[in-house]
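Spelled out from the first residue to the last, the chains are:
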Amino acid sequence: MEKRDVLKICRESGFFLDRSILDFFIELEIKEVERIIKKLKGFHINERILSKNILNKYKDRLGLKNEESRDRKNGIDILKNIKGRSGKLEAGDFVSYFRSRFESLRDILIKNGELDNLSSIRRIGRENGVFCIIGMVYSKRITKNKNLFIEVEDLTGKSIVLINKENKELFIRAQNLLLDDIVAFRVSGSNKMLFANDFIYPDAKLKKENIGDRDEFIAFVSDFHIGSKMFLEGNLMRFVDWLNGKIGDSRQKNLAQKVRYLILSGDNIEGVGVYPNQEKFLKIKGCRKQYEKLADILGMIRKDIEIVMCPGQYDAVWVGEPQSAINEKWSGDLNNMENLKLVSNPSIVKIRGLNILVYYGGSVNQFRNLISGGRDLNINDFTNEILKRRHLAPVYGEMDIIPNKNIDDLIINELPDVFVVSGQHRAMIGNYNNILTISTSCWQSRTDFETKVGSEPDPCKVPILNLKSKEIKILDFSGKDIVWESGDDLVCELEDYKK
Ligand SMILES: [Fe+2]
């Protein structure tokens, strides 16, 4: 429902909302919001500003199972599953979209603290002073004197922030400021020109590393590209056989038994017409048939393994992000699988106490192109860049984005325990401020395109995460035998792993 309708209902009942609850209400039907507000009013509660904590406090009396939960599949709560937006977008909707993004990230920056003398841009006068401003990067260029000239915008106006080349550490960091980044600048100067002393990202820091409550494993896979001539069907079937306890040594079989969840994070099929002349690389020519093949394979997996699957850029879904779940027109038999839940890209699932942000990773290539030295960075570096900005695809226009006029679905509001990114065809593990980051491998041999751009895939590797110990193992299904990717007893040393 519309933001203004939510605000009106609450205002009329004498309540104000914080952003977390506003975003939650926007996703609900109007009748449900009216019901909750009416009940809260009837409870005669003292609180006037509603937050998620307050909703949690009264959830039993409100008849809410879990205020965040939209769906549940046994051990899995689907916390965020973005539905397709319909209706025509008008110019004003784009303004609302950017305003919403700005307000959300500004609130995160303010909540983080450390912003002395915070001012809006309009309030900075002609007198010199020291301020903090929170702004969106509107433009960026190098001046004749080789300083960095940044135009910054907030809801009250624009200002120029200059970063002096003599401040080397800051200058190097600022070169990686991207258009549309929302950061806090510590500046000195007046409304004519501001000189940056520092800048701060919203950043993602979990105070402590959370663990789940079961001795069970999640397996992370993606990029099957079913339908492609390069699809490694034999290898994927070995993975399925291993899950079913048919192959592997005794230790590997024991481990397979403990795998209770499988996350598929995009490029499930090869699709049709994704790039020019794709047809000559297709073994199965049609999305429906490709999904049928996928349903056949997933249908062979033990039924006590719960599967969550989101789309990627090769799936039969609009290529822009966010992508809603693959719809029934295409998914066919996948819909009839009781142990499978189709979700959006991105989505958030909660598995036995751990919040997992699942993202196909459409923006990773833009980071590779825009961050200085990006070609030499690894996937962990890019997941860190995303987390630091609290936005999955910050640069508008670098990739297709479908704006939602009410909220920006690509903002990372709640910090996840695990952040999964796919699409890079290489498995890699990292840890960013207590957030476990996982990049997934693929099940397709090297394509002509990958050869052309010098990209080396590393197929058939499966990261497996123990919920309780947070231990990660990577199993390699690229050969005839299943092997631990490194040594016989791989437990990743997260910081150093594959740097
Ligand atoms: Fe892929």
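Residues numbered from 1 in each chain as written. Predicted model: local features only at pLDDT ≥ 70, side-chain atom pairs only at ≥ 80, totals over all residues. Heavy atoms only, no water.

A few words now on the coordination of the iron ion. Every protein donor of the iron ion is listed here as Asp223 (OD), His225 (NE2), Asp267 (OD) and His425 (NE2), and their distances to the metal cover 2.0 to 2.2 Å. Geometry at the iron ion is irregular, judged from its four donor atoms and the angles of 89 to 165° they form at the metal. Read N to C, the donor residues that coordinate the iron ion are spaced as D-x1-H-x41-D-x157-H. Of the two residues, His225 sits in the loop between β10 (217-221) and α8 (233-243) while Asp267 sits in the loop between β11 (259-265) and α10 (287-299), which places them 42 residues apart along the sequence. The buried category is assigned to His225, whose relative accessible area is 1%. Of the residues examined, Asp267 reaches a relative accessible area of 1% and is grouped as buried. (Donors = N, O, S within 2.8 Å, 3.2 Å for Na, K, Ca; no water. Tetrahedral: all angles 85-135°; square planar, octahedral: opposite > 155°, others 65-115°. Helix = DSSP H or I, 4+ residues; strand = E, 2+ residues; numbered from the N terminus. Buried < 20%, exposed > 50% of the residue type's maximum accessible area, 1.4 Å probe, protein only.)

Moving on to the side chain of Arg390. With respect to the helices and strands, Arg390 occurs in the loop between α13 (379-389) and β16 (418-421). Among buried Asp, Glu, Lys and Arg side chains, Arg390 stands out as unpaired, with Asp203 the closest opposite charge at 7.0 Å. In terms of polar contacts, Arg390 uses its side chain to reach the backbone carbonyl oxygen of Ile412, at 2.8 Å. If near-sequence neighbours (up to four positions away) are discounted, Arg390 is found in contact with Leu105, Ile108, Pro202, Asp203, Ala204, Leu410, Ile411, Ile412, Asn413 and Leu415. (Lys, Arg positive; Asp, Glu negative; His and termini not counted. Salt bridge = Lys/Arg side-chain N within 4 Å of Asp/Glu carboxyl O. Polar contact = N/O pair within 3.5 Å; in protein donor to acceptor, adjacent residues only side chain to side chain. Contact = heavy atoms within 4.5 Å.)

This part covers the layout of surface pockets. A volume near 1,100 Å³ is recorded for the second largest pocket. As for the second largest pocket, its lining consists of 39 residues, of which Asn365, Gly423, Gln424, Phe449 and Ser455 are closest to the centre. For the lining of the second largest pocket, the elements supplying multiple residues, two or more each, are α12 (364-370) and α14 (448-452). A per-element tally of the lining of the second largest pocket places α12 first, with four residues. For the lining of the second largest pocket, the class distribution of residues is eleven nonpolar, 18 polar and ten charged. (1 Å grid on protein atoms, 1.4 Å probe; cavity = no way out; pocket = protein on both sides within 12 Å on 5 of 7 lines; lining within 4 Å. Points joined across faces, edges and corners; volume = space filled by probe spheres on them. Nonpolar A, V, L, I, M, F, W, Y, C, P; charged D, E, K, R; others polar.)

Here the focus is empty space enclosed by the protein. Tallying each qualifying case throughout the model produces one cavity of 30 Å³ or more. In this model, the largest cavity occupies a volume close to 40 Å³. In terms of lining, the largest cavity is formed by Arg101, Leu105, Asp180, Asp181, Ile182, Arg389, His391 and Pro394. Residue assignment places the lining of the largest cavity across two domains, with domain 2 (129-200) and domain 3 (217-484) each supplying three or more. (Domains from an automatic or database assignment.)

Per the domain assignment, the segments making up the protein chain are domain 1 (3-67), domain 2 (129-200) and domain 3 (217-484). Taking only C-alpha atoms, the centre of domain 2 and the centre of domain 3 are 37 Å apart. With six residues of domain 2 in contact, the opposing surface of domain 3 contributes eight residues. Between domain 2 and domain 3 the total buried area reaches about 610 Å² when both faces are included, carbon and sulfur atoms providing 47% of it. (Buried area = accessible area lost by both parts, 1.4 Å probe.)

This brings us to unusual backbone geometry. Here the residue pair Glu321 and Pro322 is connected by a cis peptide bond, since its omega of 0° sits within 30 degrees of zero. With respect to the secondary-structure elements, Pro322 resides in the loop between β12 (306-310) and α11 (328-331). Cis geometry is adopted by the peptide bond preceding Pro346, which originates at Asn345 and carries an omega value of 0°. In this model, Lys146 sits at a positive phi of 70°, which is unusual for a non-glycine residue. Mapped onto the elements of the fold, Lys146 is located in the loop between β5 (129-142) and β6 (148-154). A positive phi angle, close to 60°, is found at Asn277, a residue other than glycine. With respect to the helices, strands and loops of the structure, Asn277 is situated in the loop between β11 and α10. Its relative accessible area of 58% is what places Asn277 among the exposed residues.

Note on placement: Ile411 falls in the loop between α13 and β16. The class of Ile411 is buried, set by a relative accessible area of 5%. The spatial distance from the C-alpha of Ile411 to the C-alpha of Gly113 is 19 Å, given a sequence separation of 298 residues. Aside from chain neighbours lying at most four places away, what touches Ile411 is Lys80, Arg101, Ser104, Leu105, Arg390 and His391.

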